[in-house]
Amino acid sequence: MDGIRIPSIQISGIDMRKCYFNPGCAFSMYKPESGQKILGMLNRYFGSVQLHSICCHHDPKLPHGATIINNCAGCDRRFRSLYKGIQTISLWEVLDSIENLLLPDHTGLTVSVHDSCSFRSKPQVHAAVRSILRKMKIETIDSPYSGTKSICCGDNFYPRLPIEKVTELQKKRATQMPCQNVVVYCVSCIKSMVIGGKIPHHMVDLVLNEKTEPQETRIDVYHDALNQYIEKH
C-alpha cells in the first residue's frame, strides 16, 4: 500500500453548482450539529456548498460531475469508486486551501496523528491535516507508522475478529503513538484511542474549538447503532 498514490482532483476545477459536503454517517451520529457548523464554514469561506446526507453505501442521487467533500475516509473511497460520475475530495484539503480561514489557537498542545487507514494512499490528505494543525499552533510528533504507513486502529477488523482480539489491536495501535494526545479524523478512531488509554482529538472538534467526546466505546453496541443509521440514510 505504501507505493500506491491516488491523486486528488483540482480544487479550482470544482463545479460549485454541483458541490456537496457529506459529514459521513458516523460523524452525523457523533455530533450532527457540527456537520452543520462545517457546512456553514464552507459556505462562508469556500463557496456555495450543499449538504449531502445520503450514506456512501447507497446511490448518492447526484448529477454527473458532482463533487462530494468528505469528512470520512471511507466515504471518500466509496463515493469515488462505486458511483460513476462522482468525484471526491477530503474536507481537509479544501479547508487547507482557504487562505483567510479563521481557526482557533491551540498553542501548547502537542500531538501525534493517527491517519485514517482508508486515506493511506492519499499523502496529500496527511499533509493537509498537518498543515491545518500548524495553523492552529499545534505541534506534532508522529509515529513511524503514520501517513502512507499508517496502521488500522483495529476497528475495521470487527466483526471478522472477536471483540477481545479487536481490543488488543486497538490498544497496540494506541501504544504506537508517541504522545498522550492523539489527533484523529475518524469517529471510530476516537474510540480506539480511548480504549488504548490515549486522549483523542477529532480534527473537526479542533477546528470548531470543541472537546472530543468518546461516547459509546463498546464496539458491538457502537456498530449496531451505526449499521441502523446507515440503513435509514
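Only a predicted model underlies this, so the values are computations on that prediction, with no experimental measurement involved. (Residues numbered from 1 in each chain as written. Predicted model: local features only at pLDDT ≥ 70, side-chain atom pairs only at ≥ 80, totals over all residues. Heavy atoms only, no water.)

**So, the packing of aromatic side chains**
Applying the stated criterion to the full structure yields three aromatic pairs. Aromatic side chains Phe-27 and Tyr-30 sit 5.4 Å apart centroid to centroid with 70° between the ring planes, which places their arrangement in the edge-to-face category. Of this pair, Phe-27 and Tyr-30 both sit in helix H1 (residues 25-30), three residues apart, roughly one helical turn. The pair Phe-27 / Tyr-30 is uniform in exposure class, with both members buried. Geometry around Tyr-222 places Lys-191 over its ring, the cationic atom sitting 4.7 Å from the centre. (Phe/Tyr/Trp six-rings, centres within 6.5 Å; stacked < 30°, edge-to-face > 60°. Helix = DSSP H or I, 4+ residues; strand = E, 2+ residues; numbered from the N terminus. Buried < 20%, exposed > 50% of the residue type's maximum accessible area, 1.4 Å probe, protein only. Lys NZ or Arg CZ within 6 Å of the ring centre and 35° of its normal.)

**What about the pairing of strand E3 (residues 66-70)?**
On a regular strand, each side chain points to the face opposite its neighbour's, so the side chains alternate between the two faces of the sheet. Burial within E3 is extensive, with five of its five residues counted as buried. Two elements, strand E1 (residues 19-22) and E3, share four bridges in a ladder whose sense is parallel. Looking across to E3, one finds that Tyr-20 is bridged to Ile-68. Following the chain from E3 across helix H3 (residues 73-82) to the adjacent parallel strand E4 (residues 86-90), one finds a crossover that is right-handed. (Pairing = 2+ DSSP bridges. Right-handed = clockwise from strand over helix to strand, strands pointing away.)

**Some points on the side chain of Ser-146**
By the element assignment, Ser-146 lies in the loop between strand E6 (139-140) and helix H6 (163-175). In this structure Ser-146 comes out as buried when scored by relative accessible area, which is 14%. Apart from residues lying up to four places away in sequence, Ser-146 is in contact with Val-113, Asp-115 and Arg-130. (Contact = heavy atoms within 4.5 Å.)

**Focus on the sheet that holds E1**
Pairing is parallel across the open sheet formed by four strands, whose spatial order is E2-E1-E3-E4. Every interior strand has two partners, whereas the edge strands, strand E2 (50-51) and E4, have only one. Together, E1, E2 and E3 form the strand contacts of helix H2 (residues 32-45), whose direction differs from that of E1 by roughly 150°. (Axes fitted to C-alpha atoms, helices over the stretch in contact; angles between N-to-C directions.)

**A word on the layout of surface pockets**
Reported here for the largest pocket is a volume of approximately 860 Å³. Lining the largest pocket are 42 residues, with Cys-72, Gly-74, Arg-78, Asn-156 and Ser-188 positioned closest to its centre. Secondary-structure elements contributing two or more residues to the lining of the largest pocket are H1, H3, helix H7 (187-195) and helix H9 (219-232). Class assignment for the residues of the lining of the largest pocket results in 23 nonpolar, 13 polar and six charged. (1 Å grid on protein atoms, 1.4 Å probe; cavity = no way out; pocket = protein on both sides within 12 Å on 5 of 7 lines; lining within 4 Å. Points joined across faces, edges and corners; volume = space filled by probe spheres on them. Nonpolar A, V, L, I, M, F, W, Y, C, P; charged D, E, K, R; others polar.)

**Some words on the packing of H6 against H7**
Look at H6 against H7: their axes get within 8 Å of each other, and the N-to-C directions meet at 85°. Judged on the interaxial angle alone, H7 and H6 are roughly perpendicular. Residue-level inspection shows Thr-167, Gln-170, Lys-171, Arg-173 and Ala-174 of H6 in contact with H7, the latter providing Ser-192, Met-193 and Ile-195. Residues that form the contact of H6 with H7 fall into these classes: three nonpolar, three polar and two charged. (Parallel < 35°, antiparallel > 145°, perpendicular 65-115°, else oblique.)

**Some remarks on H2**
Taking 1.5 Å of rise per residue, 14 residues should cover 20 Å, and H2 covers 21 Å from first to last C-alpha, within 8% of that figure. Note on H2: the residue one or two positions beyond its end, Gly-47, has a positive phi of about 155°. (Expected span 1.5 Å × (residues − 1).)

**Thoughts on the state of the cysteines**
As enumerated under the stated definition, the model contains zero disulfides in all. Cys-152 supplies the cysteine sulfur nearest to Cys-117, a cysteine that is in no disulfide, at a spacing of 4.2 Å. (Disulfide = S-S within 2.5 Å.)

**Describing the sheet that holds E6**
What links the strands of a sheet is backbone hydrogen bonding, and the strands pair in either a parallel or an antiparallel sense. Strand order in the open sheet made by the four strands is E6-E5-E7-E8, with parallel pairing throughout. A strand with exactly one partner marks an edge of an open sheet, and here the two such strands are E6 and strand E8 (199-202). Sheet topology note: the strand E5 (residues 110-113)/strand E7 (residues 181-184) ladder contains two bridges and is parallel. Bridge pairing links Ser-112 to Val-182 in E7.

**Quick notes on H7**
Within H7, seven of the nine residues are buried, leaving the element largely enclosed by the surrounding structure. Turning to H7, its buried residues are Val-187, Ser-188, Cys-189, Ile-190, Lys-191, Ser-192 and Met-193. On its buried face, H7 is in contact with H1, H6, E7, E8 and H9. Two residues or fewer after H7 comes Gly-197, characterised by a positive phi angle close to 85°.

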